[in-house]
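Here is what each chain is made of, one letter per residue.
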Amino acid sequence: MSTVQTAIDIRPFHVDIAEEQLSELRDRIAGTRWPTRELVTDRSQGVQLATIKALADYWETKYDWRKAEAKLNASPQFTTEIDGVEIHFIHVRSPHENALPLIMTHGWPGSVIELLETIGPLTDPTAHGGQPEDAFHLVLPSLPGYGFSSEPTELGWDAGRTARAWAELMRGLGYGRYVAQGGDVGALVTDLMGRQAVEGLVGYHLNLLTAVLAVGDQLPRESEQERAAAEAVAAFRQDGFGYFLEMATRPQTIGYSLLDSPVALAAWLLDHDTDSYYKISRAFVDGEPVGNLTRDHILDNITLYWLTGTAASAARSYWEDARALAAALASGQPPPEVKVPVGFTTFPGEIWASPRSWVETVYPGLAYFNEAAKGGHFAAWEEPELFSAELRAAFTALR
């Protein structure tokens, strides 16, 4: 493993939420003013009343944040200031010699919570069916304005700036050669690290093809799989784009509701994509979780947003990225070429399950591709063992 000189001030971090905050949360849930039931039998009008009432009841009466707090504190956590923002990150070094450093970036409506179950399989593979040579040193940062990272106080913190901050973080941790992974917003940040050719990055893996939002009309639609993916993109733009459009244009407006009502926050975070919504709904309404998307794990993530008060600042990241994308498209210039190996895994429940032909159109030198048998948008959260196995396979050639 190549190392470089540490050049940032790194401070230990410990989660310790006051009991008064948890009591206030329960009181606010109890005081919710409820709308009447939706007039449809599906999610086409939004999060269903039965789902959110079941969630709220469990959240108020049975959920225990202290378990999530203990899980977070079980891993080494730190903060450091980069470009004026206090960045929170988990940093777990593998017990295995010659482990490959890996920085993984979460997305919205997620947080580092969605990546916690991958820490064991990735850093200690021998305890999870892998070999010592499969090991990673793992860095899990919280995006600026998300979770325990501080809010940017100036404009310009789009995914490209975060990508540069992540390169500085890895350099500051002493990693001169590393790989990266991302899904959702994390996929955009990770891809921009590659296109910026940041120092030390030797390859990356994605599980969402974010380029579809910019070049979707140019992707092939000849096979049945390609047409199905195109239909999924069209359905997202027509019927699943509400949260995206609101945060990309009016993040401050929605922010008032998200910081005032925990139930409003929960509904907003649940209303993301059809596959994950119905899986989460089943966990609360029917008591039948899918994979790792259990009631407690879902509420760990929602509660983190509530306790840190970061729903509005997280929404602003969409505003920043929308403007950065518009400027890039207006320039008429193609994005910089990717010069490091790229791996990609398509999970069947993704918003659009990208076929290999689409991924190869965006990354002509695609180094690894696989279609997983199960899993959706929150692949690392829902299927951590399967997800970890994909990363081992994708980065084998880079060790």
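Residues numbered from 1 in each chain as written. Predicted model: local features only at pLDDT ≥ 70, side-chain atom pairs only at ≥ 80, totals over all residues. Heavy atoms only, no water.

Asks: How should the overall build of the protein chain be read in this particular structure?
Replies: Along its length, the protein chain carries 17 helices and nine strands. The dimensions of the protein chain, computed from C-alpha atoms along their principal axes, are 55 × 50 × 45 Å. Taking all contacts inside the protein chain whose residues are at least 6 apart in sequence as the whole, residues at least 24 apart take part in 78%. One finds the centroid of the 31 positive side-chain charges in the protein chain at a distance of 1 Å from the centroid of its 53 negative side-chain charges. (Helix = DSSP H or I, 4+ residues; strand = E, 2+ residues; numbered from the N terminus. Contact = heavy atoms within 4.5 Å. Lys, Arg positive; Asp, Glu negative; His and termini not counted. Charge placed at Lys NZ, Arg CZ, Asp CG, Glu CD.)

Asks: Mind showing me how you'd approach the packing of aromatic side chains here?
Replies: Any two aromatic rings considered together are summarised by their centre-to-centre distance and by the angle between their planes. Tallied over the entire structure, the rule returns 20 aromatic pairs. Relative to Y305, the ring of Y146 has its centre 6.4 Å away and its plane inclined at 70 degrees; by these criteria the two rings are edge-to-face. Placement of Y146 in the loop between β5 (136-141) and α5 (159-172) and of Y305 in helix α13 (residues 295-308) is noted, with a sequence separation of 159 residues between them. With respect to burial, Y146 and Y305 carry one shared label: buried. Centroid distance Y243 to F244: 6.3 Å. Interplanar angle 70 degrees. Geometry classified as edge-to-face. Judged by its relative accessible area of 6%, Y243 falls in the buried class. Within the aromatic cluster, the residues linked to one another by ring pairs are W108, F236, F241, Y243, F244, Y318 and W352. Note that R399 overlies the ring of F136, its terminal NZ or CZ placed 4.4 Å from the centroid. (Phe/Tyr/Trp six-rings, centres within 6.5 Å; stacked < 30°, edge-to-face > 60°. Buried < 20%, exposed > 50% of the residue type's maximum accessible area, 1.4 Å probe, protein only. Lys NZ or Arg CZ within 6 Å of the ring centre and 35° of its normal.)

Asks: Teacher, can you tell me more about the environment of L304 here?
Replies: Relative to the elements of secondary structure, L304 occurs in helix α13. Residues L304 and L398 lie 94 residues apart in sequence; the distance between their C-alpha atoms is 35 Å. Those residues in contact with L304 that sit more than four places away from it in its chain are W65, S111, I113, G147 and F148.

Asks: What is the right way to read unusual backbone geometry from this model?
Replies: Glycine aside, residues mostly have negative phi angles, and peptide bonds mostly take the trans form. Between W108 and the following residue, P109, the backbone shows a cis peptide bond with an omega angle of 5 degrees. With a phi angle near 55 degrees, D83 is a residue other than glycine that sits in the positive phi range. Along the chain, D83 turns up in the loop between β2 (77-82) and β3 (85-92). Non-glycine residue N98 carries a positive phi angle of around 65 degrees. Of note, N98 is situated in the loop between β3 and β4 (100-105). With a relative accessible area of 62%, N98 lands in the exposed category.

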